[in-house]
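Each chain is listed here by its residues.
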Amino acid sequence: MPVFDALSCPSRPKIAYIIEPRFSGGTSAAVAAELRVAVEFGELEVHAVTSRTFGEDQYIAPVLRRVLDELRIPLIWDAPRVGADFVILHNPAFLKFQDVLNTRIFARDLIVVTHENFLRPGGEEGFDVSSCLSQIEASALSLRKSLAPISPYNRKTVTDWLAGSRVARQWEVLGADWFNICETEIEAPCDTPSDRRGRHSRPGFEKFPALADLDRCFPEHAQSNVILGADALLDARVLRPHWTLLPFNAIRVDEFFEMIDFFVYFTAPTWQESFGRVIAEALAAGKVVLTNADIGVTFGDAVLSCRPPDVDGIISDLIAQPHRYHEQVSRSQSALARYSAENFRAQLSNVLSADSGVSG
């Protein structure tokens, strides 16, 4: 496969990003990390779209603001026309509350990065996928339109949705996952783990399992249970004396990780992480991660795939055998290398080449 070399190319391509810059959490963090790589490959523009998902306030997620300032790239709001060799649109779900994308797109290649799963567990649509993609199709003139899944699980929801959709013929699917870059400082695990459990996420209800499963994961006999992003639990007065409930952003994430040895993460049965950036953060922090099997598809043996009733036994065994805890952390942190900026740089180079490995 030929590799695109931006530095040796006599005419560097124009690359335009189209984003909704007000997403909190993983989407904005992923885009921010990606921009640092993309700027190496050509003339880079970043366009913001004001969507009904977030209203009229032209807010920018702090992580994106920092990177744009660092790279000295202006954020262009609501341009009527975006033209580039490559246009990369992140997270089409931001269009789910409107009928028209008021930006005309002209590109040789249009790549739509599918941060949100097209289907929920059980097969129901995660959002109005057809409407969102149709808005993009109606606004775009390009030689090729590609969907870029961000994980194996996310890819399955995309391909399963396309298999039953009449718009499938309009879209190709990139052959390699457009993974999140996860580069953060690697922390050594504690010498002797204890039964200190925790989880953190955005406070949406979909991020939390049933209360009975929360009770199983964070029991009274644990030394400590810390839940960061517990706004919904606090609002609903779901209180347990053995839980430390902290609102989202109440403390820094690194402070949270200092309080735990086991990251226990399950979500509502009707919802599934498309990538799980929070999992990568926990692994980098030197914690053992216990989560469901679908997350395990993305991270492999870097996580311990299990069900909530299994959590107690796994934690007890690892506390009794600290060497196994350390082996798991070492294995987990080695696996993070696959999500490096270097690997993403190689993948983006292939995408920008003449043969980008697209599969139908």
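Residues numbered from 1 in each chain as written. Predicted model: local features only at pLDDT ≥ 70, side-chain atom pairs only at ≥ 80, totals over all residues. Heavy atoms only, no water.

## Some words on the packing of aromatic side chains
For the structure shown, the criterion picks out 14 aromatic pairs. On the basis of an interplanar angle of 90° and a centroid distance of 5.8 Å, the ring pair of Phe-179 and Phe-344 is categorised as edge-to-face. One end of the pair, Phe-179, is in the loop between strand E7 (172-174) and strand E8 (196-200); the other, Phe-344, is in helix H12 (residues 341-351), and 165 residues separate them in sequence. A residue is classified by how much of its surface remains accessible, and Phe-344, at 1% relative accessible area, is buried. Considering the side-chain rings of Phe-256 and Phe-257, the 5.2 Å spacing of their centres and the 55° angle between planes classify their relative orientation as tilted. Both residues of the pair, Phe-256 and Phe-257, belong to the buried class. Taken together, Trp-178, Phe-179, Phe-275, Phe-299, Tyr-339 and Phe-344 form an aromatic cluster joined through their ring pairs. A cation over an aromatic ring shows up here: Arg-240 above the ring of Trp-243, its NZ or CZ 5.2 Å from the ring centre. (Phe/Tyr/Trp six-rings, centres within 6.5 Å; stacked < 30°, edge-to-face > 60°. Helix = DSSP H or I, 4+ residues; strand = E, 2+ residues; numbered from the N terminus. Buried < 20%, exposed > 50% of the residue type's maximum accessible area, 1.4 Å probe, protein only. Lys NZ or Arg CZ within 6 Å of the ring centre and 35° of its normal.)

## Considerations on the nonpolar core
If you look at the biggest cluster of nonpolar residues, it comprises 60 residues, and the most contacted ones within it are Leu-35, Trp-178, Phe-263, Ile-279 and Phe-299. When sequence neighbours within four positions are dropped, the list of residues in contact with Phe-263 reads Gly-198, Arg-199, His-200, Phe-256, Phe-257, Val-278, Ile-279, Ala-282, Val-288, Val-289 and Leu-290. (Core = buried A, V, L, I, M, F, W, Y, C linked by side-chain atoms within 4.5 Å. Contact = heavy atoms within 4.5 Å.)

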